[in-house]
Every structure is written in C-alpha cells, then in structure tokens.
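If you want the building blocks of each chain, they are given just below.
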Amino acid sequence: MPTGQVQHDQFGDLLRTLRLERKLTQEELAEAAGSSVRSIREMERGRVRSPQRRTVVLLADALRLAGADRDRFVALARAERQPREGGTVPHDGPAVVVPGELPSAVPDLAGRAEILQRLSTLAAEVAAGRPETSSVVVLHGPPGIGKTSLAVAAGHRLSGAFAGGQLFVDLQGASPDGPLDPAEALAGLLRSLGVPDSRVPVSPAERGGLFRTLTRDRPLLVILDNAADEAQVRALLPAGRGCLVLVTCRRPLAGLAGAVRQPLDLLDPAAGRALLAAIVGADRIAAEPAAADQLVTLCGQLPLAVRIAGNRLASRPQWSVAWLVDLLRDERRRLTVLTAGDLGVRSAFEVSYRQLDPVIARVFRRASLIPGTDFAPALVAVVAGIDEETASTALEELVEAGLLLTLGDRYQFHDLVRLYAKERLDAEEPQTRRTAAHERMIGWLLLRTRQAGVMFEPDAGRADSPFDDDRAAAYWLNRESGNWLAALRYAARCGRHADVVAVARALHWYSDANSHRHPWEEIFALAVAAARAVGSPRDEAVLLNFLGWAQYFCQDRNLDGLATLDRALDLARRIGDRREQAWALTYTAAVLVRTGRAESAVDHSRRAVGLFREIGYALGEQSAASAQAGSLAALGRFAEAAELHREVLAFHGRGTGLSRTGAAVARAGAMMSLGADLAGMGRLREAADEYARARRVFNRCGATFSEASAVHRYGLVLAALGEADAAAEALRAALALYAALSCPWWEAQTLDALAALAGAASDRAAARLLRQRALDRCGELDAPQVRALRATLRLELAEP
C-alpha cells in the first residue's frame, strides 16, 4: 500500500478521534474551524487527498491542539502533500476519485417495485447514451411519502450502470434554516470529485463551469435530495449524457425543463401490510390480519406513518397490533402516537407549514373546518374570509408544498394532514374566530343548497340565482354533496329547524332526477322532525310525502313507505290540505302496485286525479294519471294504460313550468311507462324503441338510476325478442349502473336475468355463478318480491 495512502488514512482517523474526544459534532467542529460539514466529513472518511495548510491550522486551533499533539496533527496533513512513490510530485488539480456517497438503503421498501423498474429502464437508456432520453427524474410527493427512501434504494439498484460513481446531496429544501445555497452544494460536489479546497473556485458560476467540465465524460448517478425549487437544482445538473439525476422534492418542479416527473402515491393496503410485516415480523402480522389492515388505514397509508407504527410495535413486543389500533383511533392523540424516536409524522408536516405565507397558512388551518372529503376554492374562500381568486392561489401553493392533494379541479387533505391542520387551528386561532368561520361556512352551504334546489322547482324565479341553469345547479349539488349534507346534519343537531325545512323542501324536484344519488330518506326524515319542532303541520305533511317516496322508491322498503304515506294522508286531511292529500294518494298507488294490490291502486290514483283537478294543479294531475295508468297496466289493461301514458307524454312535451332537466326526466319517465305498456301488449320492438329513447334522455340528464332502469328493461325486451347477445350486453350495462349506485335489489334482478340468458345458452356454470351473486345481493332485504326471488334462486341453486 502506498505510504501516502497510509498517512492519509491516519490523518482522517486522527481527526475523527480528536473530535470525538472533545465531544464535538461534525457541525460544531466545522463552525469552529470556519469550514463546511461536508469538508469535515470527507476528511474523516479519507476522501480529501490534500487538506490545505490553512485548513489544517484552523482545525488544530478549533481542536485546541498544542505542543507535540499539534505537531503530529500538522505533520500527518503535510505528509499528504509530500512527493508520492516514484518521485512524482502531486499537482494541485483534481485527483481521480470515484465517489460512493449513497446512504444505506432501507431494507424494507414496499410498494415501489413498478417505479423502480421504470427507473431501471430509464437508467439503462441513459447509460447507453440515447440522446432522446431524459436524464433528470423528479420524485415528488407530500411529506412522509418516502421520496428519499425510494431515491436511495433506486441509487443502490442502479449504481452498477454508472462507473463514475454516485453523488448524494441533501439540499435541505424543507429545512427551517432555509435551503442549501447552490454554490455551497457545488463546492461539496467538486470536493467529492477530487478537487482540493485550493482549486474550488470562489465564484458560483466558475464552480458550476468546473463541475460541468468534470462531469462531461463521466457516467455519474447524482441524487439531489429534498430540493427547494428549480433554480437550486439547475445549478447542480451534470453535463454528461451518461449521467442520471434523481431529484426528490415535495413540489413537482414544473419549471425544470426536460425532466421526467414521477409522483409517489400512498401505499395500497397490500403494500402497507408488507411494510409492517418486514418491520414487525410476518408471523405477528399474520396473526392479526384485520387489525393490521386497520392500522394501515389509520396511518392513512402514508409510508412514514406505517413505518413509525411498525417501529413502535417492533420496540414493544408485548403490544398486540389491535392495541396500537385502539390508540390510533383517538384522533386527538393520533399524531402523537405516530412518533418513534426522531421520526414523527407531525414534524414532517411542521417543516412545510412553517414555510407558508400567513394568508396561505390561514387557508390551510381553516380548510380543516370543511366537513367533506374534498372542496373547491369557493368554499375555502368563505371559511377563510378571503376572495375566491386568493383562495385558488393559496390552494395551489398548498399542493406545491405537499400539504394538499388534488382531485381533478378540487382539493383534499390526507387524513393525517387534516388532523395536523386542526391542531394548528386550535393552537393559533381563538375559539371565537373558529366559531365565526364555521358558522359562516354552514350558513353559506345551506343558502347555496337552497338556491341550487330552487332551480328545479316549477315556475321558480331564478333571476338572482348564482347558477346559470338547473344543470349548473345539479353539478354543484352533486360535487358538494359531502359538504352541504354535513351542513344540513349540523343544522338539525343545532336546532336550526327552519333552515332544515327550507333546504329539504327546495331539494324535492332535484331529488326526482337524482333519486339514488343522495341519502334522501335521511334528508327528509331530518326535515320531518324539524317541521314538527317548529310546529308547522303543512310542512310536515309535505315532507312526510317526500319521506314516504324516499323509503319506497329509493330504498325499496315498500311497507315503511306505505306507513309514512298513511301518516302524510292523515295529517293532510286533518289540516285540510288537498294538494298533499293528492300527493299521498299518488305515491300510495305506486306502492300498492309494487305490493300486488293494483285494484286498490287504481282507486287511490283516481281519487288523486280528482283532488288535483279540483285545485287546478295540472302537473300533479298528470303525475296521478301516470300512477293510474301504471295501476291499469298491472291489471293487464295495457291499451288503457298506454292511452293515459301517451297523454302524459304529450303534456310533458308542452311547457309545464318544470326546469329543463325536470321536464326531460318527466318525458323520459312517460316513455318508460309507455314502453312497459307496449311490451305488455306484445309489441316488443316498439317497446324496445321507447326504452332506448328514454335511456338516451336519462343519460343526458345525469339521471343514473332511471338510465339503469331503462337499459335494464331494454335488455329484458331484447331477450324476449331472442337477441341474446344484445340483451346480455344491455343487462351488463344496467348492472354496472346499479352497482355504482349500490342498489342491491335491482342488481339481484339483473343478475337473475343474466343467469336466465346463460342457462338458455347451456352455460350452466355461468348461470350458477350469476344466481349465487343474485342471491348474495338479495342479502337481508325484506319485501314480498325479494322473498319470492330469494326462494326461486335457492331452489335453482339446489338443483344438481
């Protein structure tokens, strides 16, 4: 071994020994000697070939060396600058150094195999010198998503393709002390490449030029960890085509030209379990699989949180997984529980939060008051007390900082980030301000929901509405349902009964076109209780009718619906409200048809027609006439039913005062009913045409359940026509729509129809599987028609 190398290693060892004897960290020694932490580290590792005399003297002073100790220290450093073997005199230029600076990789990286494979492919292309291949990859995502762990793991995996070495720089982009200056980072990179301190240029531009010169022909892998912004990264990019740069950052660095951006997602449940098993032990996780799944969920599937949870379990072998799950269920303690040693979820979020502008920080805190899982800038503006444009800008900044996620053009918190935002809100804003912001938000949501619902009411005045038309109103109601429904529930709990009644009544006509999109039974039940609380029997009668409709039509609970409608009819009679009597009779007729009492349904619907006619309410009269026609069809009197349904269809073709969506849905409903009449008369092709027309209209209106019903009936008619393939296609489409809305009874009927088609095609295995699925969807539903289908399915499945 060359003498110089022995002496070099002795100097590094001596420097480290002296520092430790004086209980100094590398940071403390660097500060005392006026050097950089990186220089100290590299000297101790033996990577600095020729420490400058001035640097050595300053180090000796900082270490308080004197006498023989000081002489030995300086002599070892001087020996490094003496002539090497063979009589050659070392020059002051860069030595050939092959750096290997990658930190240790975590042994239990989980859920990133696909990204690692993608990076391997890219590295191979870069190493091959393909000019069209991007040589910069930005791994970006929120705090705790595992960016550094992935970059380091990838670095170790790819290092063989880069013979020039591996460089690693922590750019401290999220440090409370501010990011690392690019000039300082360049100086460290140059030292890592063998440039002595004496040859490191003073000018940042010259440092960058020298770095590019040295990397032009060297195949290097460079990891720039924890970058702050594009400018910091640009200065550190090597020049060689054979170099690959992995950048980790909370932001996607959209301004970095030519880079490949790889967002990091949350762990899927399987990857979360795998990470836990790697840390804790597979046997321990396998013993409590359900608790392990709950643990991953409570950690928000965030890699850092799952790792911390695993570390806590590993350090406490007496704990069960279920015990830790119970600790994490308490939202007030969850962030504290998710701390292990110097790892903490809260501290990861804290770094980003402390860098926010005051207005953006307020938006972050106040957004935690929003009850739904996602939100738009308009609602954030209300709760934060700012204008919508400022809110939009702030939300984008929070996404860039990794503190918010995007969902299309909307925003959402990660569960753990929301808890942190609530902590900051409670800690930094007084109760009065928090309450005022919350009440402002609730009031705005209730008002906007009423305004949206009114857009569907017949002949409603819409001049002062914030919505251009009923479709815009439906769009808002559908997207903001998690927020306005939470506001309605809050209003009911807090005794804001008048608001609850007003909102529920305004939503009635909207509910017709969106029957299975929202929990209408709950909404109208809250409103019935509110109407009773304020002593308004008129409102109570109206809302009881709405509730009865929701129970039988939306929930397929016919008997419950019938009982509620009986209450509505009784109350309407007692207060002399003929309109609500007529609606109760109309809805009751529909339930009676469903429960096999069509004769009674005819009587109820005729009485409803008479009452509506007496009060001159044409829209109600046509609704009752449609119920009457349905009752006649149930009795097999299809021609009479078809005549009535054509009259209803013609009525809705004229101006009825309904909203555009409401009129279209009413017409399509009449088409559906007419199609059923035609099918009953054996005119199957005409029936199929009516169902197809209705489906197109429902689809345009976004009336998903009605669209599913139309395509379901269309499939049944095609099956009756012998067009099995087309019928199966239509029924599968109906099944997908029903499943999206979670309509188990209708899913069961559709599966049964598909089973019949499979059986007719002699595919006994497929038919059996479909019948089993249909039986599963019947579940615990309890209605005569459900019981009948369940019994039939069981008999068919019992057959060999």
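Keep in mind that this is a model prediction, so the values were computed, not measured.

(A) Structural detail: helix α3 (residues 37–45). Burial in α3 covers these residues: Arg38, Ser39, Ile40, Glu42, Met43 and Glu44. In the stretch just after α3, glycine 46 is the one whose phi turns positive, near 80°.

(B) Here's a closer look at the environment of aspartate 181. Its place among the elements puts aspartate 181 in the loop between β2 (165–170) and α8 (182–192). Taking the C-alpha atoms as reference points, aspartate 181 and proline 204, separated by 23 residues in sequence, lie 9.8 Å from one another. Side-chain polar atoms of aspartate 181 contact the backbone nitrogen of alanine 183, separated by 2.7 Å.

(C) Layout of the side chain of arginine 790. Relative to the helices and strands, arginine 790 resides in helix α40 (residues 784–798). Given the relative accessible area of 12%, arginine 790 is considered buried. Leave out the neighbours within four places in its chain, and arginine 790 touches Leu775, Cys778, Gly779, Glu780 and Leu781.

(D) Expanded view of the packing of helix α38 (residues 744–760) against α40. Packing of α38 against α40 brings their axes to within 11 Å, and their N-to-C directions diverge by 40°. Classed by the angle they form, the pair α38 and α40 counts as oblique. In the packing of α38 onto α40, the handedness of the crossing is left-handed. Contact with α38, carried on its side by Trp745, Ala748, Gln749 and Asp752, involves Gln785, Val786, Leu789, Leu793 and Glu796 of α40 and no other residues of that element. Of the residues in the contact of α38 with α40, the class split is five nonpolar, two polar and two charged.

(E) Examining the pattern of salt bridges more closely. Going through the model one piece at a time under the given rule, you end up with 45 salt bridges. Glutamate 428 is paired through a salt bridge with arginine 354; the nearest N and O atoms lie 3.6 Å apart. Within this pair, whereas glutamate 428 is found in helix α21 (residues 415–428), its partner arginine 354 is found in the loop between α17 (345–353) and α18 (358–367), the two being separated by 74 residues in sequence. For arginine 354, a relative accessible area of 48% translates into the label partly exposed. When the shortest N-O distance is used, the salt bridge between glutamate 707 and arginine 695 registers 3.9 Å. Remark: arginine 695 occurs in helix α35 (residues 684–701) and glutamate 707 occurs in helix α36 (residues 704–720); sequence separation between them is 12 residues. Looking at arginine 695, the relative accessible area reads 30%, which means it is partly exposed. Put simply, Glu350, Arg354, Arg365, Arg366, Arg424, Glu428 and Glu429 are held in one network by salt bridges that share partners.

(F) Structural context of the environment of leucine 171. Along the chain, leucine 171 falls in the loop between β2 and α8. Setting aside its immediate chain neighbours within four residues, leucine 171 contacts Pro179, Leu180, Ala185, Leu224, Asp225, Asn226, Ala227, Gln232, Val233 and Leu236.

(G) Summary view of helix α34 (residues 660–680). Look at α34: 31 Å from first C-alpha to last across 21 residues, which is about the 30 Å you get at 1.5 Å a residue. α34 sits mainly inside the fold: 15 of its 21 residues count as buried.

(H) Here's a closer look at a positive patch on the surface. Residues Arg471, Arg667, Arg696 and Arg700 make up a contiguous surface patch of positive charge. For arginine 667, a relative accessible area of 30% puts it in the partly exposed group.

(I) Seen up close, the nonpolar core. Judged by nonpolar contacts, the single largest core of 178 residues is most densely connected at Leu244, Leu295, Phe364, Phe375 and Phe524. Apart from the residues within four sequence positions on either side, phenylalanine 524 is in contact with Ala504, His508, Ser511, Leu543, Phe546, Leu547, Trp549 and Ala550. In terms of nonpolar packing, the next biggest core, distinct from the first, is built from 33 residues, Ala708, Ala727, Ala728 and Leu754 among them.

Analysis parameters
- Residues numbered from 1 in each chain as written.
- Predicted model: local features only at pLDDT ≥ 70, side-chain atom pairs only at ≥ 80, totals over all residues.
- Heavy atoms only, no water.
- Buried < 20%, exposed > 50% of the residue type's maximum accessible area, 1.4 Å probe, protein only.
- Helix = DSSP H or I, 4+ residues; strand = E, 2+ residues; numbered from the N terminus.
- Polar contact = N/O pair within 3.5 Å; in protein donor to acceptor, adjacent residues only side chain to side chain.
- Contact = heavy atoms within 4.5 Å.
- Axes fitted to C-alpha atoms, helices over the stretch in contact; angles between N-to-C directions.
- Parallel < 35°, antiparallel > 145°, perpendicular 65-115°, else oblique.
- Left-handed = near helix turned anticlockwise from the far one by under 90°.
- Nonpolar A, V, L, I, M, F, W, Y, C, P; charged D, E, K, R; others polar.
- Salt bridge = Lys/Arg side-chain N within 4 Å of Asp/Glu carboxyl O.
- Expected span 1.5 Å × (residues − 1).
- Patch = residues over 30% accessible without salt bridge, like charges linked within 9 Å, V, L, I, M, F, W, Y side chains within 5 Å.
- Areas by Shrake-Rupley, 256 points an atom, 1.4 Å probe, with all protein chains shown as cover.
- Lys, Arg positive; Asp, Glu negative; His and termini not counted.
- Charge placed at Lys NZ, Arg CZ, Asp CG, Glu CD.
- Core = buried A, V, L, I, M, F, W, Y, C linked by side-chain atoms within 4.5 Å.

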